[in-house]
Amino acid sequence: MWLGLFWLGCETETPAPPPRTGAKRHAPRAEGRAADVAGSVDEEVRTGGDRPPVIERFNVKPGNPTVLSTIVATVEAHDPDGEDVELEYRWEADGQRIGDARGPELAVADFPRDTVITLLVTARDSQGETTRSSGEMRVRNAPPQFTTQPADVTRLDGFRLVAEDPDGDAITWSVEGGPAALTIDQRGVLRWQGSEDDPGGAFTVKIKATDPGGEAGTLELPLDVAPGKKRGPAGPAPAPVEKSG
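Everything numeric here is computed off the predicted structure, so don't read it as measured data. (Residues numbered from 1 in each chain as written. Predicted model: local features only at pLDDT ≥ 70, side-chain atom pairs only at ≥ 80, totals over all residues. Heavy atoms only, no water.)

Caption draft 1: Inspection of the overall build of the chain at higher detail. Helix and strand counts for the chain come out as zero helices and 19 strands. Taken across its 245 residues, the chain has 41% of its residues classed as buried. Accessible surface computed for the chain: about 13,600 Å², of which carbon and sulfur atoms make up 49%. (Helix = DSSP H or I, 4+ residues; strand = E, 2+ residues; numbered from the N terminus. Buried < 20%, exposed > 50% of the residue type's maximum accessible area, 1.4 Å probe, protein only. Areas by Shrake-Rupley, 256 points an atom, 1.4 Å probe, with all protein chains shown as cover.)

Caption draft 2: Representation of the confidence of the model for the chain within the structure. Mean pLDDT over the chain stands at 80; residues scoring 70 or higher make up 73%. Low pLDDT, under 50, characterises residues 1–35; the stretch is placed with 87 contacts to residues that sit more than four places away or in other chains. Across residues 231–241, confidence stays below pLDDT 50; counting only partners more than four residues off in sequence or on other chains, it has 37 contacts. (pLDDT = per-residue confidence, 0-100. Contact = heavy atoms within 4.5 Å.)

Caption draft 3: Representation of the pairing of strand β17 (residues 201–210) in the model. With five bridges connecting them, strand β14 (residues 172–176) and β17 associate as antiparallel partners. In the strand pairing of β17, W173 is matched with A209. With ten bridges connecting them, β17 and strand β18 (residues 216–225) associate as antiparallel partners. Across the sheet, residue T204 finds its bridge partner in β18, namely P222. Two successive antiparallel strands, β17 and β18, enclose a turn made up of five residues, where G214 displays a positive phi of approximately 90 degrees. (Pairing = 2+ DSSP bridges.)

Caption draft 4: Structural context of the nonpolar core. By size, the foremost hydrophobic cluster in this structure holds 22 residues, and its most contacted members are F58, W91, I117 and L119. Those elements that place two or more of their residues in this core are β4 (54–61), β5 (70–78), β6 (86–93) and β9 (116–124). Sorting elements by how many residues they give to this core places β9 first, with four residues. Apart from residues no more than four positions distant in its own chain, L119 is found in contact with F58, V60, A73, Y89, R90, W91, R132, S133, S134 and M137. Of all hydrophobic cores here, the second largest spans 19 residues; its members include F146, F159, A163 and A209. (Core = buried A, V, L, I, M, F, W, Y, C linked by side-chain atoms within 4.5 Å.)

Caption draft 5: Layout of the pattern of salt bridges. With the rule as written, the count across this model stands at nine salt bridges. Of the charged contacts in the structure, one is a salt bridge between D81 and R51, with a shortest N-O distance of 3.0 Å. One end of the pair, D81, is in the loop between β5 and β6; the other, R51, is in the loop between β3 (40–45) and β4, with 30 residues separating them in the sequence. With a relative accessible area of 33%, D81 lands in the partly exposed category. Put simply, E88, R124 and E129 are held in one network by salt bridges that share partners. (Salt bridge = Lys/Arg side-chain N within 4 Å of Asp/Glu carboxyl O.)

Caption draft 6: Region of the structure containing the packing of aromatic side chains. Scanning the entire structure with this criterion turns up one aromatic pair. Centre to centre, the rings of F146 and W173 are 5.7 Å apart; their planes meet at 70 degrees, and the pair counts as edge-to-face. A residue pair is termed long-range when its members are at least 10 positions apart, and F146 in strand β12 (residues 145–146) and W173 in strand β14 qualify at 27 residues. As far as burial versus exposure is concerned, F146 and W173 are alike and both buried. (Phe/Tyr/Trp six-rings, centres within 6.5 Å; stacked < 30°, edge-to-face > 60°.)

This is how it looks when you write it as structure tokens:
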């Protein structure tokens, strides 16, 4: 054997008064459920006759991050009065400001599953500002990651595969699509003894490492078994590692 190894407007005769200095306009925050998040206008502030900056584009990816993700915000803004615009990024975790996060990117690795991440971006000129919010982005479950590569597997019987769960959860092992009697124990060790009655053939063995949340990493091993062999030799079998999530 060898291995071939994402408007009640009430009518009135008196016109509405002009906005007061420092007036704010509020709109509900958008929920970050999709792959990207387009922020909502949170507030606008202006003083005197100056018009506040306009945020033309606010896009955040991914909207459903894991501890493996880096959230990246793409923001474009301009000032209707032609002034220079300064962008300020405020990242929050569970409502608390992340003090050292001041740019358009945030690595999620230090935030456990179910942490709620929010980004507030303020575009500011000399007299006014506009703030937009990403809404809530909840850190979701991450799938286990294989450290064993297909080419590392030089035999089936007794070979131990290695995978790690980014959230620190326990892993359950399973194997699909292999020859008869190929198994894997809960330490990730493969077991297989061929027999002289084996018909042989080509297989794509899928080895899965699954966490309690149902997320799985999968390693595929193309396998060619010669008929009637008790234990065939393993050959090199480069093949990609499939990782879900």
